[in-house]
Amino acid sequence: MRKLLILVGALFVVHVALLFVRPSGAAQPPAAGDALDIGIVFDVGGRGDKSFNDGAYNGAERAAKELGARVRFVEPGDGSDREAGLRLLAAEGVDLVIGVGFIFTDDLTQLAREYPNTRFAGVDYSVGSDKDGKVILPPANLAALKFREEEGSYLVGSLAALVSKSKKVGFVGGMNFPLIQKFEAGYIAGVQHVCPKCTVVSQYAGVTPEAFRNPGKGKELALSQYQQGVDVIFHASGSTGLGVFEAARQTGHLAIGVDADQYAEAPGYILTSMVKGVDAAVFDAIKRTKENTFKGGIYQFGLAEQGVGYVYDEHNKALIPAAVRAQLEQIRAEIIAGRIKVPSSR
Amino acid sequence: MMTREKFEEAVLPPVVALLVAMLVGDALILLFGQSPGAVYRMLLEGTWGNAYGLGQVLYKATTLTFTGLAVAIGLRAGLFNIGAESQLAAGGFMAAVVGLAIPAGVPALLLLPVYFLAAALAGGAVGALPGWLKARFGAHEVITTIMLNFVVLALLNYLISSRFKVPDTLHTRELASGRLPRLDAFLPAFHGSAANVVLLLALAAAVLVGWFLFRTRAGFELRATGLQPAAAEYGGVKVGRVWWHAMAISGALAGIGGLNYVLGYKGYYEEGFATGAGFLGIAVALVGRSHPVGIVLAALLFATLSQGGLAVNALVPKQMVDVLQAVVIIAVATSVPEVRRLLRGFRRSNDA
C-alpha cells in the first residue's frame with residue numbers, strides 16, 4: 001500500500017510539472033475579436049470521408065488562406081453533441097456557424113432563433129413545408145445551402161448511358177431518403193433521355209446514416225450489379241462508394257464518383273465524378289459574411305451556378321469520346337436554358 | 001463500516017488510472033505542440049467553468065449513471081452485460097411510441113409512471129432474454145447480449161425508418177404531453193443546456209440500487225451468486241432465477257436512461273440518440289467499482305471528458321479525449337478484481 005501511495009505521489013508531481021510546459025508556438029485559445037471568426041460543426045464521424053464533409057473543410061481552409069478567416073472545427077462525439085457544438089460556437093460569438101449535413105436542420109433552426117445576431121448556414125439543410133405544401137422559410141439569419149444534385153446526376157446519367165456497351169447501368173445510393181433519391185431520379189432521367197431502351201439497376205445501402213459509411217456493403221452491391229451485366233455504376237453514398245470503386249477495379253468495369261473528384265480513388269476506373277460544390281458554397285457564405293452581405297434564405301446551387309457538374313480533365317479524357325462530350329455540353333445548355341426539365345423525385 | 005484498507009483498495013486504483021491517463025494526455029498534448037496547462041484549463045472552463053457546460057456534463061452523466069448502474073447490477077451478479085446499448089435504445093423507443101398515442105394536455109406528473117414503466121419494461125425485456133438463455137441453456141451472456149445489440153438496434157432502425165419517422169429526419173413526431181422540465185426552468189443560468197429533472201431520477205436510482213444490493217435479501221443473494229455461484233446454490237439460492245432477474249433489472253435501468261433524451265431533452269426518439277452511452281456504461285461501472293457512489297462519480301468523470309472534448313477541439317483533435325477515456329478504462333480494468341474474476345471464469349469455461 002505504501003508503494004502505491006508513493007507511486008501516486010510521483011505521478012502527480014510529474015503531471016503538475018508538465019502542466020507548466022509551454023512549447024514554443026502553442027496556440028492561444030481563440031477569443032472573439034475583430035477578426036472574421038467561423039465555426040464549423042461536422043456530423044459524427046464525418047471528417048475524412050473524402051467527399052461531402054471534406055468538401056466543407058476545404059472551402060473553410062481556402063477562406064482561411066484567402067480571406068484571413070479564423071476557422072474552428074468541431075467534431076461531435078454523439079447525437080446530443082451536434083447541438084452542443086453549434087451552441088458552443090454561437091455562445092462564443094463567432095460570426096458564422098456552419099452545420100454540415102441535413103441532420104443539423106432542427107438544431108440550426110432552433111439556434112438561429114435563439115441567437116438572432118449570429119449568422120448560421122446549413123449545408124443540405126432540409127427545408128420543410130406545411131400542410132398545404134407551402135415552403136417554410138428558415139429564420140432570417142440562417143442560410144440553407146442546397147444543391148440541385150439532380151441536374152448534375154442527369155448529366156452523368158446521360159454519360160453513363162452513352163458509354164455503356166451493355167445498355168445496362170447501375171446506381172448505388174447511401175441512405176434511402178429524399179436527398180439521395182434526388183440523385184437517383186436525375187440519373188435515371190438522364191439515362192432515359194439519351195437511351196430510352198437502357199435499363200437502370202438501382203439499389204441503396206440502407207436507411208440510416210450508417211449507410212454512408214459502409215464500404216463493405218457498397219462493394220457487395222456493386223459486384224452483384226456488375227454480375228448482372230451492368231457496366232457503369234454511379235454511386236451517391238459517401239465512403240460506402242469506396243467499396244463500389246473497389247468492385248470496379250476488381251472486375252474491370254467503370255464507376256462514377258460523387259461530391260468531389262474521386263478519380264484518385266481508382267485511377268482508370270472512374271469514368272467521371274458528379275461534383276457538388278460544397279467547398280464553393282461554404283467559401284461563398286464565409287465571403288459574404290466578411291463583406292457584410294450575408295443574408296438568410298434558401299440558396300440553390302445548380303448547373304447554372306456551377307454548384308454541380310461533372311469532371312472532364314486530362315485524367316478521364318480518354319474514357320469520354322469527343323462526340324459524347326459534345327452531346328453532354330448540349331444537354332447541359334438545354335438544362336440551364338430550361339428546355340429540359342429535370343425531375344427531383346421518383 | 002468500511003475499513004481503511006477496504007477504502008484504499010476501492011479508491012486507489014481509479015486514482016492511479018486517472019493520473020496515468022492525465023500523463024498520457026500531457027504527452028499527447030505536447031506532441032500536438034500545445035501546452036498541457038492551457039488545454040486542461042480550457043477543458044475545465046468548458047465543462048465545470050460555466051453553467052451551460054456544467055449542464056451538459058450533468059445531462060451526459062445522467063444517461064451514463066443509468067447505464068453504469070445497469071452494468072454494475074450485472075457485474076455484482078457475476079454477469080457481463082454488454083447489451084446496455086440496445087437496452088437503452090429500446091427503453092427510449094418504447095417511451096416515445098407510448099407517448100405518441102397520448103393526447104396533448106395530460107399533466108406530466110401523471111404520465112411519468114407510464115413512461116417510466118414503458119421504458120423499464122422494454123429495456124428489461126431486452127435484458128431478461130439473455131439472462132433467461134443463460135439460466136435455461138447456459139448460453140454465455142457476453143455473446144448473447146452482443147448479438148442482441150445488433151438485432152434490437154436493427155429492428156428499431158427499421159421501425160423508425162419505415163413507420164415512425166418524420167420525412168427528411170431520423171426522429172419521430174414530438175410527444176404531445178409528458179415532457180419533463182429542463183433545469184433552466186428553475187435555474188435560468190443553465191439556459192440552453194440539455195440537463196433536466198431526469199437527473200433526479202438517476203440519483204434516486206443510484207440510492208435504490210445501493211439499498212437493494214446491500215440492504216435486501218434479494219441483493220444479498222445476487223451478490224452471493226456473483227461471488228461464487230456454486231456456493232450460493234449450496235446455500236439455497238436459485239442461481240438461475242437470480243441470473244435472469246439481475247439481467248432484467250439491469251436492462252430496465254438502462255432502458256429508463258432513455259427518458260433522459262426522450263422526455264427531458266428533445267421530446268422525441270431519434271435514431272442513435274445516445275450512441276456509445278451503453279458501452280461507456282461498462283467503463284463507468286468498472287471505474288466506479290460497481291458501487292452506486294463510485295458510479296455517479298465515474299459518470300461525472302466520463303461526461304466531463306466527453307463534453308470537454310468539444311471544448312478543447314480548437315486546440316487538439318477530439319480523438320485526444322477518446323484516447324484519455326481509453327487509457328482510464330484500460331488502467332482501471334487491469335486493476336479491478338471484478339475483471340480478473342470474469343477473466344478467470346472465461347478461462348475455466350474454455351477449459352471445460
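Each chain carries its own residue numbering, running from 1 in the direction its sequence is written. Written order decides the labels, with chains lettered from A and ligands numbered from 1. Predicted model: local features are reported for residues with pLDDT of at least 70 only, side-chain atom pairs are reported and counted for 80 or more only, and whole-chain, interface and lining totals are derived from all residues. With hydrogens and water stripped out, all remaining heavy atoms of the structure feed into the side-chain values.

Enquirer: In this structure, what is going on with the overall build of chain B? I would like to understand it.
Expert: Helix and strand assignments come from DSSP, with helices taken as H or I runs of at least 4 residues and strands as E runs of at least 2, each series counted from the N terminus. When its secondary structure is counted, chain B shows 15 helices and 0 strands. Every radius of gyration here is taken over C-alpha atoms, with the globule rule written as 2.2 Å times N^0.38, N being the number of residues. Against the 2.2 N^0.38 benchmark of 20 Å for 352 residues, chain B shows a C-alpha radius of gyration of 20 Å, consistent with a compact globule. Overall, chain B is about 55 × 55 × 40 Å in size when its C-alpha atoms are taken along their principal axes. The contacts of chain B with a sequence gap of at least 6 include a subset with a gap of at least 24, amounting to 77%. We score Asp and Glu as negative and Lys and Arg as positive, and we do not count His or the chain ends. Note that the charge is assigned to NZ on lysines, CZ on arginines, CG on aspartates and CD on glutamates. Side chains of chain B give 25 positive and 17 negative charges; the mean places of these two sets differ by 7 Å. Every residue pair with non-hydrogen atoms within 4.5 Å of one another is taken to be in contact.

Enquirer: Explanation requested: the state of the cysteines in the structure shown.
Expert: The term disulfide refers to a covalent linkage connecting the sulfur atoms of a pair of cysteines. Residues and elements named next belong to chain A. Cysteine sulfur atoms that pair up within 2.5 Å are treated as a disulfide. Summed over the entire model, instances satisfying the criterion amount to 1 disulfide over all chains. Disulfide pairing is shown between C195 and C198; the S-S distance is 2.1 Å. With the S-S dihedral at roughly 85°, the linkage between C195 and C198 falls on the right-handed side. By relative accessible area, which is 11% here, C195 ends up buried. For each residue, the accessible area found with a 1.4 Å probe, counting protein chains only, is set against the maximum for its type, and the residue is called buried under 20%, exposed over 50%, and partly exposed in between. For C198, a relative accessible area of 4% corresponds to the buried category.

Enquirer: Even after reading the chapter, I still don't get the domain arrangement of chain A, so can you show me in this structure?
Expert: Think of interface size as the accessible area that goes away when the parts come together; that is how it is often given. Residue and element names in this part refer to chain A. An automatic or database domain assignment supplies the residue ranges for each domain. If you check the domain split of chain A, you get domain 1 (37-147 + 282-288 + 294-300) and domain 2 (149-275 + 312-336). Measuring from the centre of the C-alpha atoms in domain 1 to the corresponding centre in domain 2 gives 28 Å. Tallying the contact residues gives 9 residues for domain 1 and 14 residues for domain 2. Carbon and sulfur atoms make up 55% of the surface buried where domain 1 meets domain 2, a total of about 920 Å² over both sides. By definition here, a salt bridge exists when the distance from a side-chain nitrogen of Lys or Arg to a carboxyl oxygen of Asp or Glu is within 4 Å. Joining domain 1 to domain 2, the criterion identifies 0 salt bridges. Here a polar contact is recorded for every N or O atom pair within 3.5 Å, except that within protein the pair must consist of a potential hydrogen donor and a potential acceptor, and residues adjacent in sequence are included only if both atoms are side-chain atoms. Counting every contact that joins domain 1 to domain 2 gives 2 residue pairs in polar contact (both at pLDDT 80 or more). Throughout this entry, Asp, Glu, Lys and Arg are counted as charged residues, while Ala, Val, Leu, Ile, Met, Phe, Trp, Tyr, Cys and Pro are counted as nonpolar. The remaining residues, Gly among them, count as polar. Within the side of domain 1 that touches domain 2, the residues separate by chemical class into 5 nonpolar, 2 polar and 2 charged. A 1.4 Å probe defines the accessible area here, and the buried area is the portion of it lost by two parts on being joined, summed over both.

Enquirer: Just to check I follow, could you spell out empty space enclosed by the protein for this structure?
Expert: Vacant regions in the atomic arrangement are exposed by a probe of water-molecule size rolled over the atoms. Residues are called lining when one of their atoms sits within 4 Å of a cavity or pocket point, these points coming from a 1 Å grid over the protein atoms alone, where a cavity is a set in which a 1.4 Å probe fits but cannot get out and a pocket is an open set with protein on both sides within 12 Å along at least five of seven lines. Grid points are joined across faces, edges and corners, and a volume is the space filled by probe spheres set on the points. This structure, assessed with the given rule, holds 2 cavities of 30 Å³ or more. Estimates place the volume of the largest cavity at around 140 Å³. Lining the largest cavity are 17 residues; nearest its centre among them are A:I103, A:D106, B:H171, B:Y268 and B:E270. Elements represented by at least two residues in the lining of the largest cavity include exactly helix 3 (79-91) and helix 4 (105-114) of chain A together with helix 11 (259-266) of chain B. Partitioned by chemical class, the residues of the lining of the largest cavity number 6 nonpolar, 5 polar and 6 charged.

Enquirer: Whenever I open this one, the sheet that holds strand 4 (residues 119-123) of chain A confuses me. Can you help?
Expert: Adjacent strands of a sheet form backbone hydrogen bonds with each other and so pair up, either parallel or antiparallel. Residue and element names in this part refer to chain A. Two strands are said to pair when DSSP picks up at least two bridges between them. Read from one edge to the other, the open sheet built from 6 strands follows the order 2-1-3-4-5-11, with strand pairing classed as parallel. The sheet terminates laterally at strand 2 (70-74) and strand 11 (297-301), the two strands that pair on one side only. Averaged over all pairs of adjacent strands, the angle between strand axes in this sheet comes to 20°, irrespective of strand direction. Here 5 bridges tie strand 5 (residues 142-147) to strand 11, and the two strands are oriented parallel to one another. By the bridge assignment for strand 11, A143 is matched with G297. Contacting strand 1 (37-41), strand 3 (96-100), strand 4, strand 5 and strand 11, helix 9 (residues 278-290) crosses the sheet at an angle of about 165° to strand 3. Axes here mean lines fitted to C-alpha atoms, for a helix over just the part in contact, with angles spanning 0 to 180 degrees between N-to-C directions.

Enquirer: Please explain the interface of chain A and chain B as it appears in this structure.
Expert: Counting from both sides, the interface comprises 50 residues of chain A and, opposite them, 47 residues of chain B. Note on chain A versus chain B: buried area summed over both sides is about 3,900 Å², and carbon and sulfur give 61% of it. If you look at where chain A meets chain B, you find 4 salt bridges. Here B:K60 makes a salt bridge to A:D81, at a shortest N to O gap of 2.4 Å. In this assembly, chain A and chain B are joined by 10 residue pairs in polar contact (both at pLDDT 80 or more). The set of elements that each furnish at least two residues to the side of chain A that touches chain B consists of helix 1 (2-19), strand 2, helix 3 and helix 4 of chain A.

Enquirer: Would you mind showing me how to read the nonpolar core here?
Expert: Residue and element names in this part refer to chain A. By nonpolar core is meant a set of buried Ala, Val, Leu, Ile, Met, Phe, Trp, Tyr and Cys residues that side-chain atoms within 4.5 Å join together. Ranked by size, the top nonpolar core spans 105 residues in total, and within it I38, I40, I98, F234 and I286 carry the most contacts. Per element, the largest residue contribution to this core is 7 residues, and it comes from helix 5 (residues 149-163). Taken domain by domain, the makeup of this core includes at least three residues from each of domain 1 (37-147 + 282-288 + 294-300) and domain 2 (149-275 + 312-336). Apart from residues lying up to four places away in sequence, I38 is in contact with A69, R70, V71, R72, L96, I98 and I286.

Enquirer: Even after reading the chapter, I still don't get the pairing of strand 9 (residues 254-259) of chain A, so can you show me in this structure?
Expert: For a regular strand, the rule is simple: side chains alternate between the two faces of the sheet. All names here are of chain A. The element strand 9 is largely enclosed, with a buried count of 6 among its 6 residues. As paired strands, strand 8 (residues 232-236) and strand 9 are joined by 3 bridges and run parallel to one another. Note on strand 9: the bridge partner recorded for F234 is I256. Clockwise travel from the first strand over the helix to the second, with the strands pointing away from the viewer, marks a crossover as right-handed. Each parallel crossover has a hand, and the one from strand 8 via helix 8 (residues 241-251) to strand 9 is right-handed. Relative to strand 10 (residues 270-276), strand 9 runs parallel, the two being bridged by 5 bridges. If you follow D259 over to strand 10, its bridge partner there is V275.

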